[in-house]
Amino acid sequence: MTSADVLQFNVEGMDNRELECVAADMETRLRGTVLRILRPALDRIKDVDAQLRELSQTIHQYASVFKLTEGMRSDLTRQMEFSRVLSDQLERLDRAHRELERTASVNIAELQNGASEAVS
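To keep things clear, this report deals only with the structure shown in the data block. Treat the numbers as computed from the prediction; the structure is a model and nothing was measured.

### Some remarks on the overall build of the protein
Working step 1: Across its full length, the protein carries two helices and zero strands.
Working step 2: Counting only residues that meet the buried cut, the protein has 0% of its 120 residues in that class.

Written as structure tokens, this is what we have:
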């Protein structure tokens, strides 16, 4: 005897109302069983979703930090280039100043020699 025969045997003696009650009871039990099976998976999915949302927010925060860092890096590069230009200009001015001092010293020495020869 198969399970279908047992179900057939039990159903034959019932009226429609009793069949409805048995079907509703079976449906309720089936739903309860499905929920007991699926509830842990649904809870885990909910937890994973919350973790993914947190990770997404963290990623967005890191992206804004990286963007700020790139801006600061470009500013720093510009400052380094500007410092190099200023350093080159200061070096040129220093060379010109030393040349001017040397020329002035030579001119002063020549004037002093010329003045001492004129006095003698």
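Let us keep going from here.
### A look at the pattern of salt bridges
Working step 1: Here the structure, examined in full by the defined rule, presents eight salt bridges.
Working step 2: A salt bridge links Arg95 to Glu91; the shortest N-O distance between them is 3.3 Å. You can see Arg95 and its partner Glu91 sitting in helix 2 (residues 16–119), four residues apart, about one turn around the helix.
Working step 3: A relative accessible area of 48% means that Arg95 is categorised as partly exposed.

### Re a nonpolar patch on the surface
Working step 1: Together, Leu30, Val34, Ile37, Leu38, Leu42 and Ile45 make up a nonpolar patch on the protein surface, roughly 570 Å² of accessible area in all.
Working step 2: Inspection of the secondary structure assignment puts Leu42 in helix 2.

### Quick notes on helix 2
Working step 1: A rise of 1.5 Å per residue sets the reference length of helix 2, with its 104 residues, at 154 Å; its end C-alpha atoms lie 148 Å apart and thus fit the reference within 8%.
Working step 2: The largest bend in helix 2 comes to about 40°, at Leu38, with the proline Pro40 one to four residues further on.

### Focus: the environment of Met14
Working step 1: Looking at the element boundaries, Met14 is found in the loop between helix 1 (3–12) and helix 2.
Working step 2: Judged by its relative accessible area of 30%, Met14 is partly exposed.
Working step 3: Leave out the neighbours within four places in its chain, and Met14 touches Leu19 and Val22.

Reading the values: rules and limits
Residues numbered from 1 in each chain as written. Predicted model: local features only at pLDDT ≥ 70, side-chain atom pairs only at ≥ 80, totals over all residues. Heavy atoms only, no water. Helix = DSSP H or I, 4+ residues; strand = E, 2+ residues; numbered from the N terminus. Buried < 20%, exposed > 50% of the residue type's maximum accessible area, 1.4 Å probe, protein only. Salt bridge = Lys/Arg side-chain N within 4 Å of Asp/Glu carboxyl O. Patch = residues over 30% accessible without salt bridge, like charges linked within 9 Å, V, L, I, M, F, W, Y side chains within 5 Å. Areas by Shrake-Rupley, 256 points an atom, 1.4 Å probe, with all protein chains shown as cover. Expected span 1.5 Å × (residues − 1). Bend = angle between axes of the 7 residues up to and from the residue. Contact = heavy atoms within 4.5 Å.

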